[in-house]
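Close look at the chain arrangement
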Amino acid sequence: MSFEDYRGVWVFIEEKDGAIAPVSLELLGAGRQLADKRKTELAGVLIGENISALADRAFEYGADKVYVYDAPIYRFYRTETYMRAMLACVEKHKPEILLYGATSTGKDLASAVATDLPTGLTADTTQLDVEEDTGLLLASRPAFGGNIMATILCKKYRPQMATVRPKVMKALPRKVGASGVVVEECLPLREEDIRTKVLEIVRSTTRRIRIDEADVVVAGGKGLGSPAGFKIVEQLAEALGAAVGASRDVVEAGWIGHHHQVGQTGTTVTPKIYFAIGISGAIQHLVGMQNSGLIIAINKDPAAPIFQACHYGIVGDALTIVPMLTEAFKSA
Ligand code: FAD
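Along each chain, the written sequence defines residue order, and numbers are assigned to residues from 1. Where local features are concerned, this predicted model is filtered to residues with pLDDT of at least 70; where side-chain atom pairs are given and counted, the filter is 80 or more; whole-chain, interface and lining totals use all residues. Hydrogens and water are ignored here; the side-chain numbers use all heavy atoms of the structure.

**Here's the deal with the sheet that holds strand S4 (residues 42-48)**
Backbone hydrogen bonds hold the strands of a sheet together, and the pairing may be parallel or antiparallel. If DSSP finds at least two bridges between two strands, the strands pair. By definition, any uninterrupted DSSP run of H or I lasting at least four residues is a helix, any uninterrupted run of E lasting at least two residues is a strand, and each is numbered from the N terminus. The strand order across the open sheet formed by seven strands is S7-S11-S6-S1-S4-S5-S12, and the pairing between neighbours is parallel. The open sheet has two edge strands, strand S7 (121-125) and strand S12 (181-185), and neither has a second partner. When strand polarity is set aside, the average angle formed by the axes of neighbouring strands in this sheet is 20 degrees. In this sheet, S12 lies alongside strand S5 (residues 65-70) in parallel orientation, the contact comprising five bridges. What sits directly across from Val68, in S12, is Glu184. We call two residues in contact when some of their heavy atoms are within 4.5 Å. For helices, the fitted axis covers only the stretch in contact; all axes are lines through C-alpha atoms, and the angles between them, taken along N-to-C directions, range from 0 to 180 degrees. Contacting strand S1 (9-13), S4, strand S6 (97-101) and strand S11 (160-164), helix H1 (residues 22-38) runs over the sheet at an angle of about 175 degrees to S1.

If you want it as structure tokens, here you go:
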């Protein structure tokens with residue numbers, strides 16, 4: 001494969017509730033740095049219906065160019081339609097590097113695109129760099145249960161593709177009014193040729209705050225003993241207006257859903273305050289919360305590894321301490 005024709009760093013721009021998803025803004029920030037190092041352009045790929053206006057926002061966050069697929073057939077995310085648009089764009093314009101957010105949409109699209117292109121995909125990365133001269137993407141991610149960081153290279157193929165965890169890269173400050181080049185693309189896709197149909201969208205009615213967006217996360221672990229014990233975490237979270245997080249063992253026990261799981265196989269969070277209650281502090285949990293602003297741990301075992309990772313630690317029984325904290329916050 002000749003690399004000559006492959007140029008530019010691309011970001012799949014995910015749309016969420018009419019705006020660019022935070023992870024895509026973060027990737028534009030990371031992509032800008034890679035593109036500057038390679039002295040090449042940063043482009044976004046925007047797919048959806050009535051989304052063209054979002055290109056302006058992408059320019060304000062660092063993009064030089066945006067490829068836009070705007071048509072009713074892209075109204076809802078479907079693997080097949082989005083994959084076809086992305087494949088067509090890649091084959092036509094040949095990017096050197098293509099990044100996706102490691103969201104459910106980004107992961108699905110990236111793996112679908114990777115099955116059709118003669119290239120690989122580094123999933124769930126947390127660090128990105130590029131070799132200035134060769135253009136080789138250095139995509140790093142935790143490996144072997146989070147004990148080492150593995151840097152994965154795609155030496156023989158282009159584009160080099162990676163999904164990147166939300167909240168690990170930083171968006172650039174917004175440059176209001178920045179402009180760039182919009183390339184409107186069109187594919188002759190017909191609804192009758194697409195195998196999946198969206199029949200109904202059922203929105204979650206839960207009022208719970210998302211852990212990846214919250215300023216405060218109150219997370220509970222297996223040390224709470226039972227679903228009833230875990231309730232004290234939810235009560236403290238409610239008193240603080242915080243999101244509820246959990247260790248994997250709690251999720252596997254069925255005490256709470258997977259989208260509350262923090263860690264290597266869950267979500268990475270960087271809240272201002274993170275409470276780790278009855279959580280031992282296994283490395284797979286730490287990689288998902290260690291960049292939080294302030295970490296407060298409550299654990300009855302003074303030797304628990306979480307005490308090596310926290311700013312404040314309380315040694316004691318969470319079942320006694322947490323209800324007291326909740327009452328104190330309620331009456332404050
Ligand atoms: P435990 O390890 O059982 O710890 C319970 C803690 O509670 C102990 O420290 C104990 O001292 C304390 N305790 C007990 N009773 C009390 C009490 N009354 N008051 C206060 N403290 C008390 N884990 C994750 O969390 N997220 C992940 O994404 C994740 N991914 C993984 C991926 C892989 C490939 C593997 C192999 C593992 C992964 N794990 C993950 C699992 C991880 O290794 C740990 O098993 C898990 O985090 C432990 O959960 P825990 O701390 O709730 O439970």
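**Observations concerning the state of the cysteines**
In a disulfide, the sulfur atoms of two cysteines are covalently bonded to one another. Throughout, a disulfide means two cysteine sulfur atoms within 2.5 Å of one another. All told, the structure shown has zero disulfides when counted by the stated rule. Of all cysteine sulfurs, the one in Cys89 lies closest to Cys154, which takes part in no disulfide; the gap is 19 Å.

**Re the pattern of salt bridges**
The salt bridge definition used is simple: a Lys or Arg side-chain nitrogen within 4 Å of an Asp or Glu carboxyl oxygen. The tally for this structure, following the rule as stated, stands at 23 salt bridges. Arg78 is the partner of Glu191 in a salt bridge, and the nearest nitrogen-oxygen pair spans 2.8 Å. Separated by 113 residues along the polypeptide, Glu191 in the loop between S12 and strand S13 (216-220) and Arg78 in the loop between S5 and helix H3 (79-93) bring together distant segments of the chain. Across the pair Lys330 and Glu327 runs a salt bridge, and its minimum N-O distance is 3.9 Å.

**A few points about the confidence of the model for the protein**
For the protein, the mean per-residue pLDDT works out to 94, and 98% of the residues sit at or above 70. Prediction confidence for the complex, expressed as pTM and ipTM, is 0.74 and 0.99 respectively. Along the chain, pLDDT gives the predictor's confidence residue by residue, from 0 to 100.

**A few points about the site of the ligand**
Near is defined per residue: the residue qualifies when any heavy atom it owns lies within 4 Å of the molecule or strand. If you check the shell around the ligand, you find 24 residues, and the closest are Lys222, Ser247, Thr265, Ser280 and Gln284. By the criterion applied in these results, polar contacts are pairs of N or O atoms within 3.5 Å in which, for protein atoms, one can donate a hydrogen and the other can accept it, and in which residues neighboring in sequence qualify only through two side-chain atoms. Between the ligand and Gly223 there is a distance of 3.1 Å, counted from a nitrogen atom to a backbone nitrogen or oxygen. In this structure, Val262 approaches the ligand through a main-chain N or O atom, which is 2.8 Å from a nitrogen atom. Contact with the protein chains covers 77% of the free accessible surface of the ligand, which is 990 Å². Per-residue and other accessible areas were derived by the Shrake-Rupley procedure at a 1.4 Å probe size, with only the shown protein chains allowed to occlude residues.

**With respect to the sheet that holds strand S10 (residues 148-152)**
The antiparallel open sheet is built from three strands, whose spatial order is S8-S9-S10. On the outer flanks of this sheet lie strand S8 (127-130) and S10, each paired with one strand and no other. With strand direction ignored, the average angle separating the axes of adjacent strands in the sheet is 25 degrees. Taken strand by strand, H1 contacts S8 and strand S9 (137-143), and its axis lies near 15 degrees from that of S8.

**Comments concerning H3**
Here H3 spans 21 Å end to end across 15 residues, near enough to the 21 Å set by a 1.5 Å rise per residue. Relative accessible area decides the class of each residue, using a 1.4 Å probe on protein chains only: under 20% of the type maximum gives buried, over 50% gives exposed, and in between gives partly exposed. Three or more residues of H3 are buried, namely Glu80, Thr81, Tyr82, Met83, Ala85, Met86, Leu87, Cys89 and Val90. Elements in contact with the buried residues of H3: S1, S4, S5, S6 and helix H4 (104-116). Positive phi shows up at Lys94, right after H3, with a value of about 50 degrees. Given a helix with a known number of residues, its expected span is that number minus one, times 1.5 Å.

**What about the pairing of S5?**
In terms of burial, S5 is a largely internal element, five of the six residues being buried. Relative to S5, S4 is paired through six bridges, and the arrangement is parallel. The residue of S5 that forms the bridge with Gly44 is Val66. Looking down the strands as they point away from you, a crossover is right-handed if its path from the first strand over the helix to the second goes clockwise. Considered for its hand, the β-α-β crossover made up of S4, helix H2 (residues 54-60) and S5 is right-handed.

**Description of the pairing of S13**
Within S13, five of the five residues are buried, which leaves it mostly tucked inside the rest of the structure. Burial along S13 is two-sided: Val216, Val218 and Gly220 facing one way and Val217 and Ala219 facing the other are all buried. Taken together, the five bridges between S13 and strand S15 (residues 273-277) define a ladder with parallel strand orientation. Each bridged residue has a counterpart across the sheet, and for Val216 the counterpart in S15 is Ile273.

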